[in-house]
Amino acid sequence: MHVNAYAAKSATSPLEPTTIERRAVGPADVLIDIAYAGICHSDIHTIRGEWGDVPYPLTVGHEIVGTVAEVGSDVTKYAVGDRVGVGCMVNSCRECANCLAGEEQYCLNGNVGTYAGIDRDGTVTQGGYSEKIVVDQDFVLRVPESIPYEKAAPLLCAGITTYSPLNHWNAGPGKKVAIVGLGGLGHMAVKIAHAMGAEVTVLSQTLSKKDDGLAMGADHYYATSDPETFDKLKNTFDLIVNTVSAPLDLKQYLGTLTLDGTMVNVGAPPEPLPIQVFTLFNNRRSFAGSSIGGIRETQEMLDFCAEHGIAPEIELISAEQINEAYERVLKSDVRFRFVIDAATFA
Ligand code: NAP
Ligand code: ZN
Ligand code: ZN
């Protein structure tokens, strides 16, 4: 079936209206009428070829919510009319140790990305900046009704990518957690860490979003452009979640970790980040990475957000504003996630 979408023809061309092909609904598949799609910074890194070559034309978007329009004959988990979501992956091998552990994002045979991946029929997967998508039921999430529909999409990437490391490294009461960068991921990290009971500090380039950060649940807020910030915060944090899309001077940030503290990078700049090992020797510090989250944990995150009344702050845009939104994301001028109204793809 042909559906309306937005795609780029090359790493340097803007996104434009087009049509893409969706596979016929197979026995285990769910057809979703997309309602909203979030804009993740990863969409921009990918479509501009910053992380390596990708096939064009390409439609990105991996923060997808919509309504089930049709189900295959073997589908048991979803019914027509259900409110559902799709995140960054649409399949995995389901057999390797990591898949069996419910960590499909770390599939040893490579998970199938929602876009720019190779689908089971050999075609290139196309993402959520489109009207409809067909996805295997095992990679579809249930979106609780209490989460406002237009705000749910960013949870499928920004939400799970921050929930997973906060959960894994035990953010909670008595823990001092710093969130670096108050963008799409960062603002979800603040809300989730606060709901988990941690003492939350935002490290942003400036104080321009301080009131927003405190309203989201941050206890402290510092500008990283202030040379005194890193001195004041030496040996402070149990956990740092770095969401910044560009390289940082890691030494300064690692210096703020306390004994056995961990800095987790979820930000994904294309450039390598150099580390001076002596910075890790002090306080027995760890430097780690984390990639999205498994399907089971993604559902847990959605249910956690529903239970705690957590949703992202969004700017709702139409499809024709996507290119302008990209430029604003690149200037850190987003409060705090752009969400595309999928009705405007028509
Ligand atoms: P975003 O909305 O653009 O947020 C990034 C924030 O980083 C900005 O709001 C800004 O915060 C800060 N920042 C940007 N440029 C900076 C610079 N040069 N120096 C210091 N700080 C800077 O992006 P996002 O969608 O949250 O994504 C963030 C990163 O995570 C991207 O690299 C994305 O690809 C990656 N990501 C990774 C995963 C994963 O699985 N690991 C999943 C999703 C996204 P302030 O204005 O507060 O300083
Ligand atoms: Zn993403
Ligand atoms: Zn696997």
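Bear in mind that the values here come from a model prediction, so they are computed numbers and not experimental data.

As for the packing of helix H4 (residues 158–168) against helix H10 (residues 295–308)
Logical step 1: Close contact between H4 and H10 brings their axes to 10 Å; oriented N to C, the two are set at 95°. Classified by the interaxial angle, the pair formed by H4 and H10 is roughly perpendicular. Residues Gly159, Ile160, Tyr163, Ser164 and Asn167 of H4 form the contact with H10, whose own contacting residues are Glu297, Thr298, Glu300, Met301 and Phe304.
Logical step 2: Taken together, the residues of the contact of H4 with H10 break down into four nonpolar, four polar and two charged.

Considerations on the coordination of the zinc ion (ligand 3)
Logical step 1: Taken together, the protein ligands of the zinc ion (ligand 3) are Cys93 (SG), Cys96 (SG), Cys99 (SG) and Cys107 (SG), with distances of 2.3 to 2.4 Å.
Logical step 2: In this structure, the zinc ion (ligand 3) is coordinated by four donor atoms arranged in tetrahedral fashion, with angles at the metal of 103 to 120°.
Logical step 3: Of note, the donors binding the zinc ion (ligand 3) are all from one chain and are spaced C-x2-C-x2-C-x7-C. Each member of the pair, cysteine 99 as well as cysteine 107, carries the same accessibility label: buried.

Comments concerning the coordination of the zinc ion (ligand 2)
Logical step 1: The zinc ion (ligand 2) binds to the protein through Cys40 (SG), His62 (NE2) and Cys157 (SG); the donor distances cover 2.0 to 2.2 Å.
Logical step 2: Sequence spacing of the donor residues for the zinc ion (ligand 2), all on one chain, is C-x21-H-x94-C. Of this pair, cysteine 40 sits in the loop between strand E3 (29–38) and helix H1 (41–47) while cysteine 157 sits in the loop between helix H3 (149–152) and H4; the two residues are 117 residues apart in sequence, bridging distant segments of the chain.
Logical step 3: Taking the relative accessible area as the measure of exposure, cysteine 157 reaches 4% and is therefore buried.

Quick notes on unusual backbone geometry
Logical step 1: Cis geometry marks the peptide bond from tyrosine 56 to proline 57, where omega comes out at -5°.
Logical step 2: Residue phenylalanine 336 is reached from arginine 335 by a cis peptide bond, and omega for that bond is -10°.
Logical step 3: Backbone geometry places alanine 116, a non-glycine residue, at a positive phi of 60°.

Describing the domain arrangement of the chain
Logical step 1: Domain parsing of the chain yields domain 1 (2–157 + 313–345) and domain 2 (159–289).
Logical step 2: In this assembly, 13 residues from domain 1 lie in contact with 18 residues from domain 2.
Logical step 3: Here domain 1 packs against domain 2, burying approximately 1400 Å² in sum over the two surfaces, 53% of which is carbon and sulfur.
Logical step 4: Inspection of the region where domain 1 meets domain 2 yields two salt bridges.
Logical step 5: We note a salt bridge from glutamate 313 to lysine 191, for which the minimum N-O separation is 2.5 Å.
Logical step 6: Taken together, the links from domain 1 to domain 2 amount to eleven residue pairs in polar contact (both at pLDDT 80 or more).
Logical step 7: For the side of domain 1 that touches domain 2, the residue count by class is six nonpolar, three polar and four charged.

Rules of the game
- Residues numbered from 1 in each chain as written.
- Chains lettered and ligands numbered in written order.
- Predicted model: local features only at pLDDT ≥ 70, side-chain atom pairs only at ≥ 80, totals over all residues.
- Heavy atoms only, no water.
- Axes fitted to C-alpha atoms, helices over the stretch in contact; angles between N-to-C directions.
- Helix = DSSP H or I, 4+ residues; strand = E, 2+ residues; numbered from the N terminus.
- Parallel < 35°, antiparallel > 145°, perpendicular 65-115°, else oblique.
- Contact = heavy atoms within 4.5 Å.
- Nonpolar A, V, L, I, M, F, W, Y, C, P; charged D, E, K, R; others polar.
- Donors = N, O, S within 2.8 Å, 3.2 Å for Na, K, Ca; no water.
- Tetrahedral: all angles 85-135°; square planar, octahedral: opposite > 155°, others 65-115°.
- Buried < 20%, exposed > 50% of the residue type's maximum accessible area, 1.4 Å probe, protein only.
- Domains from an automatic or database assignment.
- Buried area = accessible area lost by both parts, 1.4 Å probe.
- Salt bridge = Lys/Arg side-chain N within 4 Å of Asp/Glu carboxyl O.
- Polar contact = N/O pair within 3.5 Å; in protein donor to acceptor, adjacent residues only side chain to side chain.

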